[in-house]
Structure formats: C-alpha cells, structure tokens
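# Survey of secondary and tertiary structure
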Amino acid sequence: MKQYDIEELYTTLGLFGNFQIFVVVIYSIGERMTASILDFQVHMLSVLPSWHCASEHCMDLTANMTHLNKSILCQLGREEWGWNGDRSNLVTQFDLVCGDTYKISLGSTFFFMMYPMGSLFVGLISDWLGRKWIATGFLFVTGIVTSTSALISNYIVFVVFRSIEGFCIGGLTVTFYPLLIEYCGAKARNLTNVIAQCG
C-alpha cells in the first residue's frame, strides 16, 4: 500500500474542491455575521442623538441658537432636557454626556485590550486541545455574548461583555484561519485566505 504525505493527498483529492468551498462559505458567513454585529455596536450604539429642552431655563439658554449645541447639556440639569425619539442606544440608555462621555469608547477600549489576550490564550489552548472544538465553542460563546449585550441595563456589565467579546473574537481569529487553511493544499491556501478575509 502506497504511503501519501499530506500534499500528495491534497493533490490526489483536490486542492480546492467542493468540501473546501463549503468550509470557506460557512466560515465566511459566520465571520461576517459576527463582524457585522460588532461593527453595529461600535458605530451605531455610541451616536449622540438629538435632544430637546424640557424646561423654561433650557429654552431661554437656547433661544438664540440656530441648532442645539451638545455642549449646552453640561450647563443644564438632567431634568431640563430629554432625548428626541423613542430609539435607545448606549448614550441614551446610560446618559453618557458631559463628564461621562469617556465611557462611550471605554467598551471598545476593553474590547481591544482583551483581543490580544484571547489570541494568545486561545491560540495556545487550541494548539494543545485541537482547533475545531475550541473554535466552535468560542463562536457559540461570541454569538451569545454579542446578542445578549443588547439587552444589558447596567453599564459595568456592558463593559464586561464587550471585554468577553474581545477575548472571544481574538481567540476565533487565531483558531479559524489555521483551521480553514488546513483543509486546503499549499497551492490553494493563499486563495482560501483571501476569500475568507473578503467573505
């Protein structure tokens, strides 16, 4: 019986066949869904919405303004103004204005602080225990934590969840890409990586 090395086996079975295409498509869909939710959180949840005066004092201060300046909020008490519309985001839910504006980017800061830690820790664990189950578990945890973070009503818990997301996404990156290209022959690995990145 002839012994094959892995590259001969890929050449015999196909460098980039139906199975490899299936794996890349499934990976790309999962990656895009997760990335889309994270992009939504970063860009949409921190937008400072329009506001209106709710007191005579506020109306007197803003009477000569052509548009309501956001910095005027700091001169007013919280009961003297309100948010327009019924939409809620990070800023409106936790009133992140004036002295609390730094908290808008704090969740992203913790996300990106935990990202390299997740990459290092999960990379080492997946080399030891195997990538497939580690990647699947972290994809599941990321989906749950990312989806649940929209329902959180406490700012500290929100930052903790963003940190967990950063850890998990960092871990997913270092497990999924090697797992993905392991299924392809050496000549098809660059193509697989490009397709997965652009997915």
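Just above sits the structure.
Residues numbered from 1 in each chain as written. Predicted model: local features only at pLDDT ≥ 70, side-chain atom pairs only at ≥ 80, totals over all residues. Heavy atoms only, no water.

## Section: the packing of aromatic side chains
Basically, it comes down to this: Aromatic rings from Phe, Tyr and Trp, taking only the six-membered ring of Trp, are treated as a pair when their centres fall within 6.5 Å; an angle between ring planes under 30 degrees marks them as stacked, one over 60 as edge-to-face, and anything in between as tilted. Under the DSSP-based scheme used, a helix requires at least four consecutive residues in state H or I and a strand at least two consecutive residues in state E, with every element numbered from the N terminus. Only lysine NZ and arginine CZ atoms are considered, and such an atom sits over a ring when it is within 6 Å of the ring centre and within 35 degrees of the ring normal.
Going through the model one piece at a time under the given rule, you end up with seven aromatic pairs. Ring centres 4.8 Å apart and planes at 85° place the aromatic pair Phe-111 and Phe-112 in the edge-to-face group. Ring centres of Phe-121 and Phe-167 lie 5.8 Å apart, and the angle between their planes is 40°; on these two criteria the pair is classed as tilted. Pair noted here: Phe-121 is in helix H5 (residues 102–129) and Phe-167 is in helix H7 (residues 155–182), with a separation of 46 residues, a long-range link. A network of ring pairs unites the aromatic residues Phe-94, Tyr-155 and Phe-158 as a single cluster. Its end group placed over the ring of Trp-81, Arg-78 keeps NZ or CZ at 3.9 Å from the ring centre.

## Concerning the side chain of Ser-119
Quick note on the threshold: Polar contacts, as used here, are pairs of N or O atoms within 3.5 Å; protein pairs need one atom able to donate a hydrogen and one able to accept it. Residues neighboring in sequence count only if both atoms are side-chain atoms.
As for its placement among the helices and strands, Ser-119 is situated in helix H5. For Ser-119, the side chain forms a polar contact with the main-chain oxygen of Gly-170, separated by 3.1 Å.

## Concerning a nonpolar patch on the surface
Just so we agree on the cut-off: Within the patch definition used here, like charges are joined within 9 Å and nonpolar side chains (Val, Leu, Ile, Met, Phe, Trp, Tyr) within 5 Å, considering only residues with over 30% relative accessible area and no salt bridge. Note on areas: Shrake-Rupley with a 1.4 Å probe; residue coverage comes only from the protein chains shown. In the sections that follow, a salt bridge refers to a side-chain nitrogen of Lys or Arg positioned within 4 Å of a carboxyl oxygen of Asp or Glu. Under the scheme applied here, a residue whose accessible area is under 20% of the maximum for its type counts as buried, over 50% as exposed, and between as partly exposed, the area being computed with a 1.4 Å probe on protein chains only.
Taken together, Phe-140, Val-141, Ile-144, Ile-156, Val-160 and Ile-164 make up a surface patch of nonpolar side chains, about 540 Å² in accessible area. Of all the elements in the fold, those that place two or more residues in the nonpolar patch are helix H6 (131–148) and H7. Mapped onto the fold, Phe-140 is located in helix H6. Residue classification places Phe-140 among the exposed residues on the basis of a relative accessible area of 59%.

## Some words on H6
Threshold: One less than the residue count of a helix, multiplied by 1.5 Å, gives the span that helix is expected to have. This arc describes the spread of directions from the helix axis toward the C-beta atoms.
Here H6 contains 18 residues, and its C-alpha end-to-end distance of 25 Å stays within 8% of the 26 Å for a straight helix at 1.5 Å per residue. Restricting attention to buried positions, one finds in H6 the residues Ile-134, Ala-135, Phe-138, Thr-142, Val-145 and Thr-146. Buried residues of H6, viewed axially, fall in a sector of 100°; they line one side. The exposed residues of H6 that point more than 90 degrees off its buried face are Trp-133 and Phe-140.

## Concerning the layout of surface pockets
It is a probe the size of a water molecule, rolled over the atoms, that shows where empty space is left. The test is simple: Using only the protein atoms, space was sampled on a 1 Å grid; points where a 1.4 Å probe fits but cannot get out form cavities, open sets with protein on both sides within 12 Å along at least five of seven lines form pockets, and lining residues are those with an atom within 4 Å of a point. Grid points are joined across faces, edges and corners, and a volume is the space filled by probe spheres set on the points. Under the scheme applied, nonpolar residues are Ala, Val, Leu, Ile, Met, Phe, Trp, Tyr, Cys and Pro; charged residues are Asp, Glu, Lys and Arg; polar residues are all the others, including Gly.
A volume near 380 Å³ is recorded for the largest pocket. Ile-26, Tyr-27, Leu-139, Phe-176 and Leu-179 are, among the 19 residues lining the largest pocket, the residues nearest its centre. Sorting the residues of the lining of the largest pocket by element identifies helix H2 (18–44), H6 and H7 as the ones contributing at least two each. Tallying contributions element by element places H2 first for the lining of the largest pocket, with seven residues. The class makeup of the residues in the lining of the largest pocket is 13 nonpolar, four polar and two charged.

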